[in-house]
Amino acid sequence: MIDPKRVLRALAEHWTLLEPLCERFDAGTLSLPELRLQLGAALQDASPAEITALLDQWIRLDILVPVAKSPNRFELNAQIHDFLAYLRREHRLGLCLEIEAYLRHLERLAGHIQDAFEIRDGQDLARQLRLLDMRVRDVLKKLDNDEQALVGVAERAKTGDRQIPLRQRYAEVLATWDEYVEPMIQLVAADGAFEQGVRRVEQVLLRLLGEQQRLGQLVDDDLLLRTHARILEMQTSAQLTLRRARELLLPLREEARRHNAVTRGAALALSVIRKRGLDAVPQAAMPLFTRPQSNFLGAASQVEAYVYALARFQPKPALFPKATGNRKSGTARAPQTAREMLDRCEQALPLPDLMAWLLEQEPEGATDELLYWFSRLSRDPRFQRERLERREYLTAGHHVSLSSFALLSPPSVQG
Amino acid sequence: MNIDLKEMTQLAPIFRELFKGYHLSRSEPECYAQLSTMQDQYRALFKALGYELVCDPRGFYYFVPEQVSVGVNKTAQRLALFTFILVESLADQGRDPLAVLDGGTVGRDELPALLEKYRDLFVQAEVTTLEELEEKIIRRLTQLGFAEDSNGIYRFLPPMHRFLDVCLSVQQDRDLAATLHSKDLPLPAPVLLDEQSAEESEEDALARAIAEEQEFDA
């Protein structure tokens, strides 16, 4: 029998060495050389003999135990490991099945309580009630531990390396959901084992209270009331733990599922495109958006005039040609494109005065049209230009005063 | 509903951007903040003017274009293809595609390898060189508010969810097809906007307009 005081004293004395080792033991077992290496790094002044003595002490106190069938490898004694995990606030998620097993036990204890009351065995009744109370505390402790462990699962997923694929990063979340949360949802459901078990125990306790009043006290009413209150606390605690688990893990689980769906969708789309071309992507799925518009170029006065004209628009009366009337002779001139005008201008080089040439070409042309061609042709890089003196030109409708250009072939062409 | 134009201090820039096909998100803080606080007023005003403002809860706004004027155009196909490629490529590299496409970044230096690896697919979108990839895809992404470019680092913005939704929708389509045991998926060909006709030069457009007017007057 190992003296508990010696164990506790060793833990307290060697806490600075044991705490970092806990993390290593969380991940697995350690061989004797690995343990010596770890301790050697922490105790730089210690001799090998001192390290051996330290390890020997831990083994004698059952803090370290050899791994079954591997006597050269060691692990922390499971009880000590749990105690240290509690002190380090490290929580390992338990199994939902454990809670279910506890509940079955609670139901059995309720049966024993009923039996003890029926045979009026006050001592056994008090013992069974204490056992029930302790078991409820176990469940509460476990729920609290699981809740902390769930927080840890969510935190690890959120703070994991962003470069790791989401599927790997959230593997623990998905496993926790399937192995803990999903069974817990079933367990804590209105018709689940948890609720049914709690109700059964509660009924026994309430009946006992009533019967005690009728038949006389076997145990203190306070004990019954306290146990009943703890049962209700356990019920609330289970529901809160489940709600917290859903709040923590559901968004992460949905994210992981969505991520998988997006990756899968992209791969499928690419395979369809490889086989059938870009047009094979379903049209309905494609986002519609306006083609990026080029910016409208126009002075404010132009826009104003345009809007004004629109506002004052009046349709011209439709005039139909008379059957007897003469048709207009000659066909309407074909529209002139920039290319046609540039060609004509190029053939007419050199032009001593561009504006005068334009007026010769288009004597009936509208002033704005002539000015457009004047601007367009004089700016074209294929002509060399020389500015002329300002003078007046007479178009079909206006007097225009401007400095025209003389257009020449560029030097290379001239040469 | 009362709409007070005086309160809509960002109306002009908001309309200008949305009209251009831009997606407004937090990258345009002033416009975004006002749209968020006066969402209903803006939606009502734009509706009265014939524009449908979509307020996506994931944090972005855009106009639904008129069906007649905009089909599923080449740009949408290219951008969707780029998203598919990026998701697959990032997943292959062990990176998290959603983290990158929802607020993360990709560097310009990653594009050559991407183009090389997925050349066969990019060719289908008429993208064969790095310049074309930047011009036809990256520039479009920034023009439409899906990403922002800061010196060769491309940060993806919330509107990218529209393309991630395409991935989800494709996946669901396939699921549906699988349940129907269909060997041949009914994937209709998208109606494409003919970009060539839309890319008429300014001079030609003006000359044609003048000629048309002349004909009309005659």
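Residues numbered from 1 in each chain as written. Chains lettered and ligands numbered in written order. Predicted model: local features only at pLDDT ≥ 70, side-chain atom pairs only at ≥ 80, totals over all residues. Heavy atoms only, no water.

A separate point is the overall build of chain B. Of regular secondary structure, chain B possesses 11 helices and 6 strands. Evaluated residue by residue, chain B yields a buried proportion of 46% over its 218 residues. Considering only contacts within chain B whose residues lie at least 6 apart along the sequence, 63% involve residues at least 24 apart. (Helix = DSSP H or I, 4+ residues; strand = E, 2+ residues; numbered from the N terminus. Buried < 20%, exposed > 50% of the residue type's maximum accessible area, 1.4 Å probe, protein only. Contact = heavy atoms within 4.5 Å.)

One finds Met184, Met234 and Leu249 of chain A to be the most contacted residues of the largest nonpolar core, which totals 50 residues. Secondary structure elements with two or more residues in this core: helix H6 (96–118), helix H7 (122–159), helix H9 (171–188), helix H10 (193–215) and helix H11 (221–276) of chain A. Tallying contributions element by element places H7 of chain A first for this core, with 13 residues. Residues in contact with leucine 249 of chain A, not counting those within four places in the same chain, are Leu150, Val153, Ala154, Val173, Thr176, Trp177 and Val181 of chain A. Formed by 48 residues, the second largest nonpolar core is a distinct cluster that contains Ile273 of chain A together with Leu86, Leu141 and Val170 of chain B. (Core = buried A, V, L, I, M, F, W, Y, C linked by side-chain atoms within 4.5 Å.)

Below, the discussion takes up the layout of surface pockets. Residue and element names in this part refer to chain A. Its volume calculated, the second largest pocket comes out at about 550 Å³. Along the wall of the second largest pocket there are 17 residues; nearest its centre are Asp82, Arg92, Lys141, Lys142 and Asn145. Where the lining of the second largest pocket is concerned, the elements lending two or more residues are helix H5 (78–87), H6 and H7. Taken together, the residues that form the lining of the second largest pocket break down as 4 nonpolar, 3 polar and 10 charged. (1 Å grid on protein atoms, 1.4 Å probe; cavity = no way out; pocket = protein on both sides within 12 Å on 5 of 7 lines; lining within 4 Å. Points joined across faces, edges and corners; volume = space filled by probe spheres on them. Nonpolar A, V, L, I, M, F, W, Y, C, P; charged D, E, K, R; others polar.)

This brings us to helix H4 (residues 48–60) of chain A. Residue and element names in this part refer to chain A. Taking 1.5 Å as the rise per residue, H4 with 13 residues should run 18 Å; its terminal C-alpha atoms sit 18 Å apart, in good agreement. Buried within H4 we find Ile51, Leu54, Leu55 and Trp58. Projection of H4 onto a plane perpendicular to its axis shows the buried side chains occupying an angular sector of 95°, all on one side. Lining the buried residues of H4 we find helix H2 (15–27), helix H3 (32–42) and strand E2 (64–67). Just past H4, the residue aspartate 62 takes up positive phi, approximately 65°. (Expected span 1.5 Å × (residues − 1). Arc of directions from axis to C-beta.)

A few words on the packing of aromatic side chains. Residues and elements named next belong to chain B. Per the stated rule, a full pass over the model turns up 13 aromatic pairs over all chains. Judged by centre distance (6.1 Å) and plane angle (65°), the ring pair of phenylalanine 15 and phenylalanine 63 falls under edge-to-face. Of this pair, phenylalanine 15 sits in helix H1 (residues 11–19) while phenylalanine 63 sits in strand E3 (residues 60–64), and the two are 48 residues apart along the sequence. Ring geometry for phenylalanine 46 and phenylalanine 63: centres 5.0 Å apart, planes at 90°, overall edge-to-face. In this pair, phenylalanine 46 is assigned in helix H3 (residues 39–48) and phenylalanine 63 in strand E3, connecting sequence segments 17 residues apart. Taken together, the ring pairs connect Phe15, Phe19, Tyr42, Phe46, Tyr51 and Phe63 into an aromatic cluster. (Phe/Tyr/Trp six-rings, centres within 6.5 Å; stacked < 30°, edge-to-face > 60°.)

Put simply, chain B has an average pLDDT of 81, and 76% of its residues get 70 or more. Low pLDDT, under 50, characterises residues 179–199 of chain B; the predicted model gives this stretch 39 contacts beyond four residues in sequence or across chains. (pLDDT = per-residue confidence, 0-100.)

In this section: the sheet that holds strand E3 (residues 70–76) of chain A. Residues and elements named next belong to chain A. Reading across from one edge, E1-E3-E2 is the order of the 3 strands in this open sheet, with antiparallel pairing throughout. Since the sheet does not close on itself, it has two edges, and those belong to strand E1 (30–31) and E2, each with one partner. Relative to E3, E1 is paired through 2 bridges, and the arrangement is antiparallel. Bridge pairing in E3 places serine 31 opposite arginine 73. (Pairing = 2+ DSSP bridges.)

The next point concerns the packing of H7 of chain A against H9 of chain A. Any two packed helices are characterised by the angle at which their axes cross and by the distance between the axes. Residue and element names in this part refer to chain A. Closest axis-to-axis distance for the H7/H9 pair is 10 Å, and the angle between their directions is 150°. In terms of orientation, H7 lies roughly antiparallel with respect to H9. In the packing of H7 onto H9, the handedness of the crossing is left-handed. Residues Leu143, Asp146, Leu150, Val153, Arg156 and Ala157 of H7 pack against Glu172, Val173, Thr176, Tyr180 and Met184 of H9. (Axes fitted to C-alpha atoms, helices over the stretch in contact; angles between N-to-C directions. Parallel < 35°, antiparallel > 145°, perpendicular 65-115°, else oblique. Left-handed = near helix turned anticlockwise from the far one by under 90°.)

Residues and elements named next belong to chain B. Reading across from one edge, E1-E3-E2 is the order of the 3 strands in this open sheet, with antiparallel pairing throughout. Pairing within the sheet leaves two strands with one partner each, and these edge strands are strand E1 (24–25) and strand E2 (52–56). The pairing of E2 with E3 spans 5 bridges and is classified as antiparallel. Looking across to E3, one finds that leucine 53 is bridged to phenylalanine 63. Of the strands in this sheet, E1, E2 and E3 touch H1, which is tilted by about 60° from E3. H3 contacts E2 and E3 of the sheet and is inclined by roughly 155° relative to E2.

Before going further, it helps to examine the pattern of salt bridges. All names here are of chain A. Following the criterion strictly, the structure yields 32 salt bridges over all chains and no others. Across the pair aspartate 146 and lysine 142 runs a salt bridge whose closest N-O atoms are separated by 2.8 Å. Here aspartate 146 and its partner lysine 142 are both found in helix H7, 4 residues apart, which amounts to about one turn of the helix. The same class applies to aspartate 146 as to lysine 142, namely buried. (Salt bridge = Lys/Arg side-chain N within 4 Å of Asp/Glu carboxyl O.)

Residues and elements named next belong to chain A. Taken together, the side chains of Arg379, Arg385, Arg387 and Arg390 make up a positively charged region of the molecular surface. Residue placement: arginine 379 occurs in helix H15 (residues 367–379). For arginine 379, a relative accessible area of 53% puts it in the exposed group. (Patch = residues over 30% accessible without salt bridge, like charges linked within 9 Å, V, L, I, M, F, W, Y side chains within 5 Å. Areas by Shrake-Rupley, 256 points an atom, 1.4 Å probe, with all protein chains shown as cover. Lys, Arg positive; Asp, Glu negative; His and termini not counted. Charge placed at Lys NZ, Arg CZ, Asp CG, Glu CD.)

A word on unusual backbone geometry. All names here are of chain A. Residue proline 350 is reached from leucine 349 by a cis peptide bond, and omega for that bond is -10°. Examined against the element boundaries, proline 350 turns out to sit in the loop between helix H13 (338–347) and helix H14 (354–361). Look at arginine 120: it is not a glycine, yet its phi comes out positive at around 55°. Note on placement: arginine 120 falls in the loop between H6 and H7.

Residue and element names in this part refer to chain A. Its location among the elements puts glutamate 195 in helix H10. Lacking a salt bridge, the buried glutamate 195 has arginine 199 as its closest oppositely charged neighbour, with an N-O distance of 4.5 Å. With residues up to four places along the chain from it excluded, the contact list for glutamate 195 reads Leu187, Val188, Ala189, Ala190, Gln235 and Gln239.

All names here are of chain A. Here E2 pairs with E3 via 4 bridges, running antiparallel. By the bridge assignment, valine 65 is partnered in E3 with glutamate 75. In textbook terms, the turn of a hairpin is the stretch between consecutive antiparallel strands, and for E2 and E3 this stretch comprises 2 residues, one of which, lysine 69, has a positive phi near 65°.

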